[in-house]
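# Commentary on secondary and tertiary structure
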Amino acid sequence: MLPLKEKDKPVVRKLLSAGCCARCVLRFCCVSVQAAYRQPHQETLKELQTFIISDTENNKSHDAAASEAPEDPPSKKAKLDAADAPSEEESAAVTPKDGESSVCVLCLGILQELCDPTRAGKIAEAVKRENYKFDTLVLSVSLPAQLCVREHSCWLYVKKEVREKSSVLDKDDVIQVKEAFKWVMQGLVAKELGGVAVVTKSAFEVGVEFIHPETDADCHFLASTCPDCFKATKNKQSVFTRMAVVKALDKIPDSKFLKHFACPPTRPTSSCSAQDVQCLHLSVFVAGRYNKFCRSLPQTPWVIDGERRMESSVEELIAAPVLSAFRADGFNFSSSGREDVDVRTLGNGRPFAMELLNPHRSRFSRVEMKQLQETINNSSDKIRVRDLQIVTREAMSRMKEGEEEKTKSYTALIWTQKPIKREDITFIDDIKDLTLDQKTPLRVLHRRALAVRQRVVHSMNARFLDPHHFHLGLKTQAGTYIKEFVHGDFGRTKPNLCELLKTDTDILELDVEMWTGLLPSQNKR
């Protein structure tokens, strides 16, 4: 039995006569009992008809009894009952005439044939075809913006009725189409998917979208009555977004609305069309450290003027196995700094992280992550990955925090123009916390803003090799341009090694040895 009260009868009668479906009638009667929406809408319609017909029959019986005893004066209650009784026009309009559309004027069919086990089966089949791995899902619904206009029209239609009965119907009390749809469909979809929990919050989203081209023009009058609510944007196909329409409806006076739009709305000839089901999983984040052993491998794909210069990159060598394992649609790669193509990355490795877009699989055990790490390492001898793990979005964002406070260690092979002796470079070991003024290097000026950045060389040590070569070890503030410190970059870095040794110097080889920065998951919370 429907959870309706005597005061609901005028509203039920009025909405049914206007062409609303049974579930939309329940919405406007503010029925929040979900079970009431889950029974077939045809059965609900029969119950509503019985609900108001019984009222009519009671009134007829009352009138007949009154005619047999005319000597008694009519009571005040009898007059009220007569006022509540439906007019002949309203009673006849409850059921659509032959040939007349039965599509709801409010939901445009969404809560009728588009909200049943058959539709749930189609949604479930679409999800199964995408082959996602998930434990829960959230069902999202996208509705045509014109539903807001039609809902506003029906609200104005019944508002007068309830006001005359000294009742109160707030527009916000009406159950939304989206909510009613979910109440019906969540359980049906869950059943079709073998009992998977359909919840209000999940990393996996199944999107259902409805369109109704026949009534798209319902919103158009709002653009002239409330022009400031509709502004064209680059990414929107139409200015009539749901948010813009709701904003306009809040501003427009009732009298002005009624001049431009029918009340109640006109009957549509067709139901909404369901678009393809869209499945989307929230991004998963993977982090680790990598070593690079090759001096001809860029960190990211190296493309200059549309032409690829290197056959691969660190990013691609790591990403290919990870994308395959997580079955993701794409990725975003980031790291704690970057090395030049001819620089090796040794020691404990450079921290990196990947955002995996729309992964079809998101859960991996530690053992499986270890196996994935080995797969990456076995795929190439140019790189090696360690500490591969799944991390949170927040942890990934912390990877770049405090970049300038981190320190890095390097080893460089230095060439000197003038011959040197062992004792000529011993003073280097005594230099501590040398502050450099580094103007943006010429080699990166095309992608970095021109500025003078202060960086600190915390310590150095020199190891003599021959009169023109020595190894230089450095411990520096992160972000220090080592090559420019060595050769001076035409005086753009001061002081530099040329000035310290009083001869031209250059760097032949450079290795990054160690980071003090932590992986995202190792940062303190």
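Small disclaimer: the values here were computed from a predicted structure and weren't measured. Chains are numbered independently. Their residues run from 1 in the order of the written sequence. In keeping with the predicted nature of the model, local features appear solely for residues at pLDDT of at least 70, side-chain atom pairs appear and are counted solely at 80 or more, and the whole-chain, interface and lining totals rest on all residues. Computation of side-chain values covers all heavy atoms of the structure but excludes hydrogens and water.

## Considering the environment of lysine 247
Within the fold, lysine 247 resides in helix α11 (residues 242-251). When the C-alpha positions of lysine 247 and cysteine 229 are compared, they lie 6.6 Å apart, and in sequence the two are 18 residues distant. Strands here mean DSSP runs of E at least two residues long; helices mean DSSP runs of H or I at least four residues long; both are numbered from the N terminus.

## As for unusual backbone geometry
Of the consecutive residues cysteine 263 and proline 264, the connecting peptide bond is found in the cis state with omega at 5 degrees. As for its position among the elements, proline 264 is in the loop between α12 (254-260) and β4 (273-274). The amide bond that connects lysine 494 to the next residue, proline 495, takes the cis arrangement and shows omega of -10 degrees. For proline 495, the location among the structural elements is in the loop between β16 (493-494) and α17 (497-501). Backbone geometry at asparagine 131 places phi at a positive 60 degrees, although glycine is not the residue there. Looking at where asparagine 131 falls in the secondary structure, it is placed in the loop between α7 (117-130) and β1 (136-142). In this scheme, a residue with accessible area under 20% of its type's maximum is buried, one over 50% is exposed, and one in between is partly exposed, where area comes from a 1.4 Å probe on protein chains only. Note on asparagine 131: relative accessible area 42%, which makes it partly exposed.

## Re the packing of helix α13 (residues 314-326) against helix α14 (residues 366-379)
Axis lines are fitted to C-alpha atoms, over the contacting stretch for helices. Their N-to-C directions set the angle, which ranges from 0 to 180 degrees. Close contact between α13 and α14 brings their axes to 9 Å; oriented N to C, the two are set at 140 degrees. Here α13 is positioned oblique relative to α14, judged by the angle of their axes. Relative to α14, α13 is oriented so that their crossing is right-handed. Residues Leu317, Ile318, Pro321, Val322, Ala325 and Phe326 of α13 pack against Met369, Leu372, Thr375, Ile376 and Ser379 of α14. Here the residues of the contact of α13 with α14 sort into 9 nonpolar, 2 polar and no charged. Oblique is the label for any angle not covered by the other classes, which are roughly parallel (under 35 degrees), roughly antiparallel (over 145) and roughly perpendicular (65 to 115). What makes a crossing left-handed is the near helix being turned counterclockwise from the far one by less than a right angle; a clockwise turn instead makes it right-handed. The criterion used for residue contact is that any of the two residues' heavy atoms lie within 4.5 Å. Polar here means any residue outside two lists: the nonpolar Ala, Val, Leu, Ile, Met, Phe, Trp, Tyr, Cys and Pro, and the charged Asp, Glu, Lys and Arg; Gly therefore counts as polar.

## A few points about the packing of α7 against helix α9 (residues 177-192)
At a minimum axis distance of 8 Å, the contact between α7 and α9 shows a crossing angle of 50 degrees. Considering their axes alone, α7 and α9 lie oblique with respect to each other. As for how α7 packs across α9, the hand of that crossing is right-handed. Across the interface between the two elements, Pro117, Arg119, Ala120, Gly121, Ile123, Ala124 and Lys128 of α7 pack against Met185, Leu188, Val189 and Glu192 of α9.

## What about the nonpolar core?
Buried residues of nine kinds, namely Ala, Val, Leu, Ile, Met, Phe, Trp, Tyr and Cys, make up a nonpolar core once their side-chain atoms join them within 4.5 Å. Ile110, Phe181 and Val245 are the most contacted members of the largest nonpolar core, which totals 83 residues. In contact with isoleucine 110, other than residues within four places in its own chain, are Cys115, Leu143, Pro144, Leu147, Val177, Phe181, Phe210 and Cys272. Residues Ile420, Leu436, Met460 and Leu510 belong to the second largest nonpolar core, which totals 26 residues.

## Concerning the confidence of the model for the chain
A low pLDDT score tells you not to read the predicted coordinates there in detail. Confidence scores labelled pLDDT are given residue by residue by the predictor and lie between 0 and 100. Across the chain, the average pLDDT comes to 88, with 86% of residues at or above 70. Across residues 60-85, confidence stays below pLDDT 50; counting only partners more than four residues off in sequence or on other chains, it has 8 contacts.

## Some details on the pattern of salt bridges
Between Lys or Arg on one side and Asp or Glu on the other, a salt bridge is scored when a side-chain nitrogen of the former is within 4 Å of a carboxyl oxygen of the latter. Counted by the stated rule, this structure contains 23 salt bridges. Of the charged contacts, one joins glutamate 484 and arginine 443 as a salt bridge, the two residues approaching to 2.6 Å between their closest N and O atoms. Of this pair, glutamate 484 sits in helix α16 (residues 482-487) while arginine 443 sits in the loop between β13 (432-439) and β14 (452-466), placing them 41 residues apart in sequence. Looking at arginine 443, the relative accessible area reads 35%, which means it is partly exposed. Through salt bridges with shared partners, a single network forms among Asp340, Asp342, Arg443, Lys483 and Glu484.

## Observations concerning the side chain of arginine 289
Looking at the secondary structure, you find arginine 289 in strand β6 (residues 284-292). Counted as a polar contact is a pair of N or O atoms within 3.5 Å, where, for protein atoms, one must be capable of donating a hydrogen and the other of accepting one, and residues adjacent in sequence contribute only when both atoms are in side chains. A polar side-chain atom of arginine 289 sits 2.9 Å from the main-chain carbonyl oxygen of glycine 349.

## With respect to the layout of surface pockets
The rule is simple: put a 1 Å grid over the protein atoms alone, call a set of points where a 1.4 Å probe fits but cannot get out a cavity, call an open set with protein on both sides within 12 Å along at least five of seven lines a pocket, and count a residue as lining if it has an atom within 4 Å of a point. Grid points are joined across faces, edges and corners, and a volume is the space filled by probe spheres set on the points. Its volume calculated, the largest pocket comes out at about 1100 Å³. Along its surface, the largest pocket is lined by 39 residues, and Arg338, Glu339, Asp340, Arg447 and Tyr481 are the ones closest to its centre. Counting residues per element, the ones that place at least two in the lining of the largest pocket are β7 (303-304), β9 (330-335), β12 (407-416), α16 and β17 (505-515). In the lining of the largest pocket, the residues fall into 16 nonpolar, 9 polar and 14 charged. Lining the second largest pocket are 21 residues, and of these Pro144, Ala145, Glu209, Ser238 and Phe240 lie nearest its centre. Of all the secondary-structure elements, those providing two or more residues to the lining of the second largest pocket are β1 and β3 (204-211). Broken down by element, the residue count for the lining of the second largest pocket peaks at 3 residues, all from β3.

## Section: the side chain of serine 202
Mapped onto the fold, serine 202 is located in the loop between β2 (197-199) and β3. When its relative accessible area of 17% is taken as the criterion, serine 202 is described as buried. There is a polar contact of 2.9 Å between the side chain of serine 202 and the side chain of threonine 136. Here phenylalanine 204 takes part through its backbone nitrogen, which lies 3.2 Å from a polar atom of the side chain of serine 202. Dropping the residues within four chain positions of it, serine 202 is found in contact with Thr136, Leu137, Val138 and Leu282.

## What to know about the environment of isoleucine 53
Among the structural elements, isoleucine 53 can be located in helix α4 (residues 41-68). The class for isoleucine 53 is partly exposed, based on a relative accessible area of 43%. Here the alpha-carbon distance between isoleucine 53 and lysine 9, two residues 44 residues apart in the chain, equals 9.8 Å.

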